[in-house]
Structure formats: C-alpha cells, structure tokens
Amino acid sequence: MQRSSTPLATTLGTAALLSAAAAWGTAWYRYDEDTPRLDVLVPLALAALFVAAWLLASRSAPPVRPLPATAPAQGRIPGKLGAVRRDWGYVVAAYLTVWAPFVAASLIS
C-alpha cells in the first residue's frame, strides 16, 4: 500500500541524507591520530536516527486514495515513448548508501 508523503517524513529524510553527506565529507580530511573519528561517527549516528524516525513517519502517513478508473484502456502499445525522467534524489541517496559503509570501514583502519 502506498502512502502519501508528509512534511515530517520529507524533513527527516532530508536530514538523514544531509547527515550521511556530512559524514562522507568529513571522512575525506586526513586524520592521523589513533582516536575514534567522532567528526564522522556523530553524523553517521545522527543519520541512523533520522532514518529510523523517517521510517516511522513514513509508515504512519495516510494511505493514498486510488484514482477512479474512468479512462478507457488504451487499445494498442504506443510507438514512441517519452523521455525517461531521473529522480536525482534517489541517485544521491543510492550513492550515499553505497559509500557510507566504506566510510565507516575506513574509520576502523
């Protein structure tokens, strides 16, 4: 069942992405001490908290009402399809999802 987006869910999702981006950005700075990298760990922990809150907010959002089926079904397959629209938010989220474990692993070594 699909749910409608709420301002709270959008804000929490944005905060999670920004926290992960901040952790990724701070990991690029050279750090030679043997202490834990709190400048990276704190934003990653905040991102995890924001993701958990985003999941709860998304699950509690009201469901989307289905549209009435008043239009007739198309008789044939169209010969030419429109351009593919890319959602750059998903691209950035996927990029951060792929690189966040690498950043966390580089903290240990």
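This write-up is about the structure you can find in this document. Quantities reported herein were computed from a predicted structural model and do not represent experimental measurements.

Conventions adopted
- Residue numbers restart at each chain and count upward from 1, following the sequence in its written direction.
- Local features in this predicted model are restricted to residues whose pLDDT is 70 or higher, and side-chain atom pairs enter the listing and the counts only when it is 80 or higher, whereas totals over whole chains, interfaces and linings include all residues.
- Side-chain measures here rest on the full set of heavy atoms in the structure, leaving out hydrogens and waters.
- Two aromatic rings from Phe, Tyr or Trp, using only the six-membered ring of Trp, form a pair when their centres are within 6.5 Å; if the ring planes differ by under 30 degrees the pair is stacked, by over 60 it is edge-to-face, and anything between is tilted.
- Secondary structure follows DSSP: runs of H or I at least 4 residues long count as helices, runs of E at least 2 residues long count as strands, and numbering of each begins at the N terminus.
- Only protein chains enter the accessibility calculation, which uses a 1.4 Å probe. A residue is then buried if its area is under 20% of the maximum for its type, exposed if over 50%, and partly exposed in between.

### What to know about the packing of aromatic side chains
In step 1: Within the structure shown, the criterion is met by four aromatic pairs.
In step 2: Aromatic pair Tyr95 and Trp99: ring centres 6.2 Å apart, planes at 50 degrees, arrangement tilted. Taken together, the positions of Tyr95 and Trp99, both in helix α3 (residues 88-108) and four residues apart, correspond to about one turn of that helix.
In step 3: On the basis of relative accessible area, Tyr95 is assigned to the partly exposed category, the value being 41%.
In step 4: Centre to centre, the rings of Trp99 and Phe102 are 5.2 Å apart; their planes meet at 85 degrees, and the pair counts as edge-to-face. A residue pair is termed a helical-turn pair when its members lie 3 or 4 positions apart in one helix, as Trp99 and Phe102 do in helix α3 at three residues.
In step 5: Feature note: the residues Trp24, Trp28, Tyr95, Trp99 and Phe102 constitute an aromatic cluster, connected by ring pairs.

### What to know about the environment of Arg85
In step 1: Looking at the secondary structure, you find Arg85 in the loop between α2 (38-59) and α3.
In step 2: Looking at Arg85, the relative accessible area reads 82%, which means it is exposed.
In step 3: Between the C-alpha atom of Arg85 and that of Ala57, which follows or precedes it by 28 residues, the distance is 27 Å.

### Comments concerning the environment of Ala53
In step 1: Of note, Ala53 is situated in helix α2.
In step 2: Exposure remark for Ala53: the relative accessible area of 27% places this residue in the partly exposed category.
In step 3: Spatially, the C-alpha atoms of Ala53 and Leu8 are 9.4 Å apart, while their sequence positions differ by 45 residues.

It is worth stressing that arrangement in space is one thing and function is another; only the former is reported here.
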